[in-house]
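Listed below, chain by chain, are the residues.
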Amino acid sequence: MIVILPMLFIMVEILSILFGHTFTTINLFGIEFHFIIGVIYFCLGFYILDIITEIYNDKLSDKIIYGKILCQTLFVLLVQFGIHLNHDANQAAILQSMDFMPRMILAGMIASLVGYKLTSIIMQYLKIRYEGRFITVRYLASTLPGEFVFSFIYSFIFLYNEYSFEEYIKIFYSLAAAKIIFSLAFATIFKPATKIITFMVKSTSIKNATYARIK
């Protein structure tokens, strides 16, 4: 599980790149929310990172954040390399639509170092402060500040030359609203998911210890 969780985190982060420039509009109770589809994967990334911090610690979370930045950077570099080698006219149009990725990676790198780090620090502090209690509240208390900071930095760097400041603020508010909704949804399954994963980790540890003694 110590390997699977980081792999899932990096996977959803790469998905956030692929859908990071795709906007959609949702009408909820007469209010229109114009947000990036990739925000769903961003929220899932925060969710996984909080689980890692809860089960293990913020030191491991830090390593995963740096690993995620490295993997995303290599992913974009290899995509750009493939674009330059590609000579198929049909594929070229699709690949050229990914030209936004380098700037997105830069925005994500800076936002990750601040937003994700803030989340893991708060989660680790609250875990120690409340001795592992109030897990759902701790998840929300650590995730929402980190997500808001991440969204503000990320969208400002990534979208600054495409939208006016007023439009940017509207997008940011929509992103913030979407993240609140998704965070509340993930909060309902945070505790049971953490318990299941913790049980699996302990079971694996016991089996490994038993195998080591037999061997």
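A brief structural summary.

**Digging into the overall build of the protein chain**
- In terms of regular secondary structure, the protein chain is built from seven helices and two strands.
- Secondary structure elements in the protein chain, listed N-terminal to C-terminal, are α-β-β-α-α-α-α-α-α.
- Taking all 215 residues of the protein chain together, the buried fraction comes to 41%.
- Taking the contacts inside the protein chain whose residues are at least 6 apart along the sequence as the reference set, 77% of them involve residues at least 24 apart.
- Working note: accessible area of the protein chain is about 11800 Å², and carbon and sulfur atoms make up 71% of it.

**Description of helix α5 (residues 101-129)**
- Counted at 1.5 Å a residue, the expected span for α5 with its 29 residues is 42 Å, and the 40 Å between its end C-alpha atoms agrees.
- Its maximal kink placed at Ser112, α5 deviates by approximately 40°.
- At the C-terminal side of α5, Glu131 shows a positive phi close to 50°.

**Points about the side chain of Ser112**
- Counting through the fold element by element, Ser112 comes out in helix α5.
- Within the structure, the side chain of Ser112 is placed 2.3 Å from the side chain of Lys68, a separation counted as a polar contact.
- Residue contacts for Ser112: discarding those within four places in its chain leaves Ile65, Lys68, Ile69, Lys117 and Phe150.

**Let's talk about the packing of helix α2 (residues 38-55) against helix α3 (residues 58-85)**
- Where α2 meets α3, the closest approach of the two axes is 7 Å, and the angle between their N-to-C directions is 145°. Across the interface between the two elements, Leu49, Ile52 and Thr53 from α2 touch Asp58, Leu60, Ser61, Ile64 and Ile65 from α3.
- Looking at side-chain class alone, the contact of α2 with α3 contains five nonpolar, two polar and one charged residues.

**Brief notes about the nonpolar core**
- Tyr47, Ile51, Tyr116 and Tyr154 are the most contacted members of the largest nonpolar core, which totals 47 residues.
- Mapped onto this core, the elements with two or more residues apiece are α1 (4-18), β2 (31-36), α2, α3, α5, α6 (135-159) and α7 (165-214).
- Considering each element in turn, this core owes the most residues, 10 residues, to α2.
- If sequence neighbours within four positions are ignored, Ile51 has contacts with Leu5, Phe190, Ala193, Thr194 and Ile197.

**Notes on the packing of aromatic side chains**
- Counted under the stated rule, the structure contains 11 aromatic pairs.
- Their ring planes at 75° and their centres at 5.8 Å tell us that Tyr47 and Phe190 sit as a pair that is edge-to-face. Highlighted residues: Tyr47 in helix α2 and Phe190 in helix α7, separated in sequence by 143 residues.
- The class for Phe190 is buried, based on a relative accessible area of 0%.
- Measuring from ring centre to ring centre gives 5.6 Å for Tyr130 and Phe134, while their planes differ by 80°; the resulting arrangement is edge-to-face.
- By the ring-pair criterion, three or more aromatic residues cluster together here, those being Phe9, Phe42, Phe46, Tyr116 and Phe150.

**As for unusual backbone geometry**
- Its identity as a non-glycine residue notwithstanding, Glu131 has a phi of 50°, on the positive side.
- With respect to the element layout, Glu131 can be found in the loop between α5 and α6.
- Glu131 gets classed as exposed once you look at its relative accessible area, which sits at 66%.

**Comments concerning the environment of Leu5**
- Structurally, Leu5 is set in helix α1.
- Take Leu5: its relative accessible area is 4%, and that puts it in the buried class.
- Placed 47 residues apart in sequence, Leu5 and Ile52 show a C-alpha to C-alpha distance of 7.2 Å.
- Apart from the residues within four sequence positions on either side, Leu5 is in contact with Ile48, Ile51, Ile52, Tyr56 and Ile197.

**Re α1**
- Between the first and last C-alpha of α1 there are 21 Å, a value that for 15 residues agrees with the 21 Å anticipated at 1.5 Å per step.
- Buried residues of α1: Leu5, Pro6, Phe9, Ile10, Val12, Glu13, Ser16 and Ile17, and no others. For α1, the arc enclosing every buried residue in end-on projection is 165°, short of the 170-degree limit, so these residues lie on one face.

Here is what the cut-offs are and how they apply
- Residues numbered from 1 in each chain as written.
- Predicted model: local features only at pLDDT ≥ 70, side-chain atom pairs only at ≥ 80, totals over all residues.
- Heavy atoms only, no water.
- Helix = DSSP H or I, 4+ residues; strand = E, 2+ residues; numbered from the N terminus.
- Buried < 20%, exposed > 50% of the residue type's maximum accessible area, 1.4 Å probe, protein only.
- Contact = heavy atoms within 4.5 Å.
- Areas by Shrake-Rupley, 256 points an atom, 1.4 Å probe, with all protein chains shown as cover.
- Expected span 1.5 Å × (residues − 1).
- Bend = angle between axes of the 7 residues up to and from the residue.
- Polar contact = N/O pair within 3.5 Å; in protein donor to acceptor, adjacent residues only side chain to side chain.
- Axes fitted to C-alpha atoms, helices over the stretch in contact; angles between N-to-C directions.
- Nonpolar A, V, L, I, M, F, W, Y, C, P; charged D, E, K, R; others polar.
- Core = buried A, V, L, I, M, F, W, Y, C linked by side-chain atoms within 4.5 Å.
- Phe/Tyr/Trp six-rings, centres within 6.5 Å; stacked < 30°, edge-to-face > 60°.
- Arc of directions from axis to C-beta.

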